[in-house]
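Summary of structural features
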Amino acid sequence: MPTDVPTAPHVPLPASILSQGPNLIVSIHAALDDEQLERLQRDLLERVGRDRCRGILIDVAALDVLDSFAARTLADLAYMAQLRGARTVVVGIAPDVAMTLVRLGVRIPLTQTALDLEEGLEWLGT
Amino acid sequence: MASEAVRGDQPYDERVVVELVPVLRRVVGARIKDPHTVEDLVQETLARLMSSSRRVDPDKLHQYAAVTARHVVATYAERNDRARNRSHLLADPSDAPPPTEDLLLQEDREFVAAALERLSAEDRDLLVAHEVQGQDTTTMAAELGSTPGAVAARLSRARASLRVEYLLAAEAIDPPSDRCRPVLRALSSSDRRRQRELDASGHLLECETCSQLADRLFERRGQPAEDGVVRVPVSRDADVVTARQQGREVAARAGFSTSAQTLVATAISEISRNIVKFADRGEVAISLVTEDGRQGVRVVARDVGPGIADPDVALRDGYSTYHGLGLGLPGAKRLMDRFHLSSVPGEGTTVTMEKWLT
């Protein structure tokens, strides 16, 4: 039975998910709308089990806007992944985006973050 | 020979073509008797050769010239034949107006008459006096005890109303509500103040008929609905992204820093999400504004959804109806300099927010 059944007949996500050792490296290439963010969340959770991965690194450097919904979706994902035994680190939040998140009032502990890919991988312990 | 006559990097010039004249005379002369016509056609051929000689291989120029000449002669003969065949007809049928024209003209007259009928008596008299009887605005102003400027303005409004009524008559549309006519007239006359008073854009959002007619009105006049206003229809998740990207662009045009652009884009993202979540459809209108010499961006997000029963509660942090963070409205308010929310339960919600350059 094929395991790689596409979850939805939508346009492909503008994001790539690479499996590297025990980690998943996710890089987002373009702005994602709410539906796509939720799809990414679902896909990743599924991959955690399928690839038996221990860590997820999400690179959001290409996102020029992280609003309350995106922040919440990422935070939820980190928590859900943790419940499945994987740690999540978000890297590449641009300075303007960071400033906006604070002004917006997103005070929830977003998730573990790191400056960039390198720092993120280090935190995941590769 | 031609190829020896010219040197250098320009393979052709007028001399080469002129050398062809005897050849052309022979080709054309063999087919046409009248020497004047021969000369005319040779000149016509030369003109064509001059414009195309650069594209032709020098060795093939002679053949090319001969073929061109033959074509010119053939065209001439065809023209002549047609003229001869039709010479017994008093009028060339190809020039006659199509039979439908009369009907269209008559229909048009009826539409204009119907449209004039709908105008107020004063507007009608003004238009007839100016457009039909040719009175100038100064004379009319003297008669009315007004100024030429005021008369011109009234004429312009009357014309705008006439455009609306003509369109309604021609499309055989009966406006579905009492608000349609005034809104369409305000749009047609580009009267911004009146449009605001009537909440024209709100009406266009609700009224399918008017939004189509408005497009037609502006198409006829060949100008966009409003200058510098970017309107993004919002009904799906993807529209939220479009709206915030447009917002960023407008903010960039206003000279905002990238971090201020991000604030504006994020605020738009928050409020347009509310449209998608709570209303069927709405729109985000983004425009550049100036006040006291300061440049700013104004965002008006409106929907025709259920409305918000208690705006004060909705603006409170953490109030969420869909398990969100509850930061949508209050968050957007914090990101912008001015924020106003008005909502009529059962009709819709409008959020107006502004960000100013500091």
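Let us look at the structure shown here.

Conventions we followed
Residues numbered from 1 in each chain as written. Chains lettered and ligands numbered in written order. Predicted model: local features only at pLDDT ≥ 70, side-chain atom pairs only at ≥ 80, totals over all residues. Heavy atoms only, no water. Patch = residues over 30% accessible without salt bridge, like charges linked within 9 Å, V, L, I, M, F, W, Y side chains within 5 Å. Areas by Shrake-Rupley, 256 points an atom, 1.4 Å probe, with all protein chains shown as cover. Salt bridge = Lys/Arg side-chain N within 4 Å of Asp/Glu carboxyl O. Lys, Arg positive; Asp, Glu negative; His and termini not counted. Charge placed at Lys NZ, Arg CZ, Asp CG, Glu CD. Helix = DSSP H or I, 4+ residues; strand = E, 2+ residues; numbered from the N terminus. Buried < 20%, exposed > 50% of the residue type's maximum accessible area, 1.4 Å probe, protein only. 1 Å grid on protein atoms, 1.4 Å probe; cavity = no way out; pocket = protein on both sides within 12 Å on 5 of 7 lines; lining within 4 Å. Points joined across faces, edges and corners; volume = space filled by probe spheres on them. Nonpolar A, V, L, I, M, F, W, Y, C, P; charged D, E, K, R; others polar.

Right, let's get into a negative patch on the surface. Residue and element names in this part refer to chain A. A surface patch of negative charge is lined by D116, E118, E119 and E122. Mapping E118 onto the fold places it in helix α4 (residues 117–124). Residue class for E118 comes out exposed when judged on its relative accessible area of 60%.

What follows covers the pattern of salt bridges. A side chain with one charge may pair with a side chain of the opposite charge, provided their charged atoms come close. All names here are of chain B. Enumeration according to the criterion identifies 25 salt bridges over all chains in this entry. The closest approach of N and O atoms between D199 and R302, which form a salt bridge, is 2.9 Å. Residue D199 is found in the loop between α11 (192–198) and α12 (200–206), and its partner R302 is found in strand β3 (residues 294–303); the two are separated by 103 residues along the sequence. We note a salt bridge from R236 to D239, for which the minimum N-O separation is 3.3 Å. For R236, a relative accessible area of 52% corresponds to the exposed category.

Take empty space enclosed by the protein next. If you walk through the whole model with that rule in mind, you get 2 cavities of 30 Å³ or more. Its boundaries defined by the atoms lining it, the largest cavity holds a volume of some 80 Å³. A:L32, A:L37, A:V65, A:A70 and B:R244 are the residues nearest the centre of the largest cavity, which is lined by 13 residues in total. Elements with a minimum of two residues in the lining of the largest cavity: α1 (34–50) of chain A together with α14 (237–253) of chain B. At 3 residues, α14(B) tops the list of elements feeding residues into the lining of the largest cavity. When its residues are assigned to classes, the lining of the largest cavity shows 8 nonpolar, no polar and 5 charged. Quantified by volume, the second largest cavity comes out at close to 40 Å³. Every residue lining the second largest cavity is listed: A:L37, A:L40, A:Q41, A:L44, A:I58, A:T73, A:L74 and A:L77. When contributions to the lining of the second largest cavity are tallied by element, the ones reaching two or more residues are α1 and α2 (68–83) of chain A.

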